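Examining the three-dimensional arrangement
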Amino acid sequence: MGTNYDGVFEGGGAKGVAFVGALDLLQQAGRWYDRVAGTSAGAITASLIACGYPATCGSASDCSAPGHDECIKGLIFNTQFQQFMDHPSADTITRQEKENCLLMQLLEKVKLPLTPKWVERCISRLVLNGLLLLPDFRFLFNWLEKGGIYEGEVFRLWMNQAIHRRLCALAERNDLPPPSAFPTFSEAKAITQIHLSVVASNLTKDQVLILNENTTPDLAIADAVRMSMSIPFFYRPVIFQGNDVVDGGVISNYPMFLFSEENDYVHNTLEELKRMNLGLMLDERIGSPEPSREMVLQERVTGAEAENERALLGPYQRVLHLVDTMLSARDAMHMKNEYHNRTIRLPVKGYSTIQFQMTLDQKRDLCDRGWSATADFLSQWEGVSALPPNPYAAE
């Protein structure tokens, strides 16, 4: 008979590929989830689980084969992450944003001799609109005025497509009403019976934002995950109920508290509080450091455009590395307390949060790390001795 957990998945951007290897072994060992919660990359993983995706489709199926999208492994291995670095479009910049932007304020301080003020204003608008035709300037505009280089819309639509496709298949199989075009928390729960909590950060109110069927039943899951993975300065924040919302890792990158104690976000019963929680942490302090942490722009952008994008991403990477270090130190505090025997530490040292150009070999390496760490956990803490061979290990 299998064992079900309440699962918590830490945020960590591209490093979250390691979850695939861990989930693969847990599934083969007869473990799965009744309730899940996650931040950023962990929110993506938790949402796929809550919407009925298995880790893999079984040993007889090559889940990493091109076009395979019926399991989490297939989705991750067949998705090019760099597509989620979608360039800002001039069409998304409103007239009010243009009128109130920093550059417009600076241009208005330039006084032209013998020129009426209204003419100066028209010239300033022409200059700004001309600059916004340049992709490089739109990166800078998004960074300074919107708080993030990239839009994140491609990811939102990809996430929703995956959620919708799986829920529709399960609803048809079980003779249930199909979900809406953008499935909500309440619709997913009705179809799979798996609770999902997505963690984001409300910058306006300086507080954690927990999104689930209790707090936001009619919110589209894809919209919630888009909020949760809004890495500061990398993706622009999402405006939700009048508030600026960013990556959940800013406030709670490892939300074990949701299932381990009474709180206002999840209605934990006494029986549920007794159920074992199992957290998957992306630990940057352990693992082989060979892979480069640097963001490499390949294929998608070339030439001068790539150089200008690197100019923006260069200083950003230094800030992000500092944030990663701070988050790792804070998460380590949890490990010293009550969570250490309920946490699988996945060794992701050497990989970056924004390493979106990732080869298949690198994905397999992360899966290998996830599988191996999970095998060690099951052996040490649950006494499991007979485990299947690691399919990701180098031959």
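Cut-off values and rules
- Residues numbered from 1 in each chain as written.
- Predicted model: local features only at pLDDT ≥ 70, side-chain atom pairs only at ≥ 80, totals over all residues.
- Heavy atoms only, no water.
- Helix = DSSP H or I, 4+ residues; strand = E, 2+ residues; numbered from the N terminus.
- Buried < 20%, exposed > 50% of the residue type's maximum accessible area, 1.4 Å probe, protein only.
- Contact = heavy atoms within 4.5 Å.
- Areas by Shrake-Rupley, 256 points an atom, 1.4 Å probe, with all protein chains shown as cover.
- Patch = residues over 30% accessible without salt bridge, like charges linked within 9 Å, V, L, I, M, F, W, Y side chains within 5 Å.
- Salt bridge = Lys/Arg side-chain N within 4 Å of Asp/Glu carboxyl O.
- Phe/Tyr/Trp six-rings, centres within 6.5 Å; stacked < 30°, edge-to-face > 60°.
- Lys NZ or Arg CZ within 6 Å of the ring centre and 35° of its normal.
- Pairing = 2+ DSSP bridges.
- Axes fitted to C-alpha atoms, helices over the stretch in contact; angles between N-to-C directions.
- Parallel < 35°, antiparallel > 145°, perpendicular 65-115°, else oblique.
- Left-handed = near helix turned anticlockwise from the far one by under 90°.
- Nonpolar A, V, L, I, M, F, W, Y, C, P; charged D, E, K, R; others polar.
- pLDDT = per-residue confidence, 0-100.
- Polar contact = N/O pair within 3.5 Å; in protein donor to acceptor, adjacent residues only side chain to side chain.

Describing the overall build of the chain
From N to C terminus, the chain includes 14 helices and 10 strands. The burial tally for the chain puts 53% of its 395 residues in the buried class. Taking contacts inside the chain between residues at least 6 apart in sequence as the whole, the part at least 24 apart equals 73%. Per element, the accessible surface of the chain, about 17900 Å² overall, is 55% carbon and sulfur.

Notes on the environment of Pro 237
Within the fold, Pro 237 resides in the loop between strand 6 (233-235) and strand 7 (238-240). Among residues more than four places away in sequence, those in contact with Pro 237 are Lys 146, Gly 147, Gly 148, Val 245 and Val 246.

Re a nonpolar patch on the surface
A cluster of nonpolar side chains, namely Leu 102, Leu 106, Leu 140 and Leu 144, defines an oily patch on the protein surface of about 360 Å² accessible area. If you list the elements that add at least two residues to the nonpolar patch, you get helix 5 (102-108) and helix 7 (135-146). Checked against the element boundaries, Leu 140 lands in helix 7. For Leu 140, a relative accessible area of 35% puts it in the partly exposed group.

Re the packing of aromatic side chains
Under the definition given, this model contains 13 aromatic pairs. For the ring pair Phe 155 and Trp 158, a centre distance of 6.0 Å and an interplane angle of 35 degrees mean the geometry is tilted. In this pair, Phe 155 and Trp 158 both sit in helix 8 (residues 153-173), 3 residues apart, roughly one turn of the helix. Per residue, the accessibility class of Phe 155 equals that of Trp 158, and both read buried. Sitting over the face of the ring of Tyr 53, Arg 166 holds its NZ or CZ atom 5.5 Å from the ring centroid.

Regarding unusual backbone geometry
Of note in the backbone geometry, Leu 114 takes a positive phi value of approximately 55 degrees without being a glycine. Relative to the assigned elements, Leu 114 resides in the loop between helix 5 and helix 6 (117-131). At Gln 193, a position not held by glycine, the phi torsion is positive, near 65 degrees. The class for Gln 193 is exposed, based on a relative accessible area of 55%.

Let's talk about the environment of Gly 30
As for its placement among the helices and strands, Gly 30 is situated in the loop between helix 1 (18-28) and strand 2 (31-39). Considering only alpha carbons, one finds Gly 30 and Thr 3, 27 residues apart in sequence, at a separation of 6.3 Å.

Examining the pattern of salt bridges
Pairing is possible between side chains that carry opposite charge, provided their charged atoms lie close to one another. If you walk through the whole model with that rule in mind, you get 18 salt bridges. With its nearest N and O atoms 3.8 Å apart, the salt bridge here joins Lys 146 to Glu 97. Taken together, the positions of Lys 146 in helix 7 and Glu 97 in helix 4 (residues 95-100) put the pair 49 residues apart, joining distant regions of the chain. Under the relative-accessibility criterion, Lys 146 is labelled buried at 14%. Since its relative accessible area comes to 29%, Glu 97 is described here as partly exposed. One network of salt bridges, with partners in common, ties together Asp 6, Asp 34, Arg 35, Glu 272 and Arg 275.

Regarding the pairing of strand 8 (residues 243-247)
Extensive coverage of strand 8 is indicated by the burial of 4 of its 5 residues. Bridging between strand 4 (residues 195-202) and strand 8 involves 3 bridges; their strand directions are antiparallel. Counterpart to Asn 202 in the pairing with strand 8 is Val 245. Judged from the 3 bridges that link them, strand 7 and strand 8 form a sheet pairing that is antiparallel. Each residue of the ladder has a partner; that of Ile 239, found in strand 8, is Asp 244. Where strand 7 hands over to strand 8, the hairpin turn is made up of 2 residues, of which Gln 241 adopts a positive phi near 55 degrees.

Focus on the pairing of strand 4
Side-chain positions along a regular strand alternate between the two faces of the sheet. Burial runs high along strand 4: 8 of the 8 residues are buried. Residues His 195, Ser 197, Val 199 and Ser 201 line one face of strand 4 and the alternating positions Leu 196, Val 198, Ala 200 and Asn 202 line the opposite face, and both faces are buried. Where strand 4 folds back on strand 5 (residues 207-212), the antiparallel hairpin that results is connected by 4 residues, among which Asp 206 adopts a positive phi of roughly 55 degrees.

Some details on the packing of helix 8 against helix 10 (residues 221-228)
Packing of helix 8 against helix 10 brings their axes to within 9 Å, and their N-to-C directions diverge by 140 degrees. One element, helix 8, and the other, helix 10, form an angle in the oblique class. When the axes of helix 8 and helix 10 are compared, the crossing they make is right-handed. Mapping the contact onto sequence places Phe 155, Arg 156, Met 159, Asn 160 and Ile 163 in helix 8 and Ile 221, Ala 222, Asp 223, Val 225 and Arg 226 in helix 10. Per-class residue counts for the contact of helix 8 with helix 10 are 6 nonpolar, 1 polar and 3 charged.

Digging into helix 10
Of all 8 residues that make up helix 10, 7 are buried, and the element is covered over most of its length. By the burial criterion, the buried members of helix 10 are Ile 221, Ala 222, Ala 224, Val 225, Arg 226, Met 227 and Ser 228.

Let's talk about the confidence of the model for the chain
Put simply, the chain has an average pLDDT of 87, and 86% of its residues get 70 or more. Segment residues 293-302 is flagged for pLDDT under 50; beyond a separation of four residues in sequence, or across chains, it makes 34 contacts in the model.

Some remarks on the side chain of Glu 213
Turning to its location among the elements, Glu 213 is positioned in the loop between strand 5 and helix 10. What makes Glu 213 buried here is its relative accessible area of 17%. Of note is the side chain of Glu 213, whose polar atom sits 3.3 Å from the side chain of Lys 189. Looking at Glu 213, its side chain comes within polar contact range of the side chain of His 195, at 2.8 Å.

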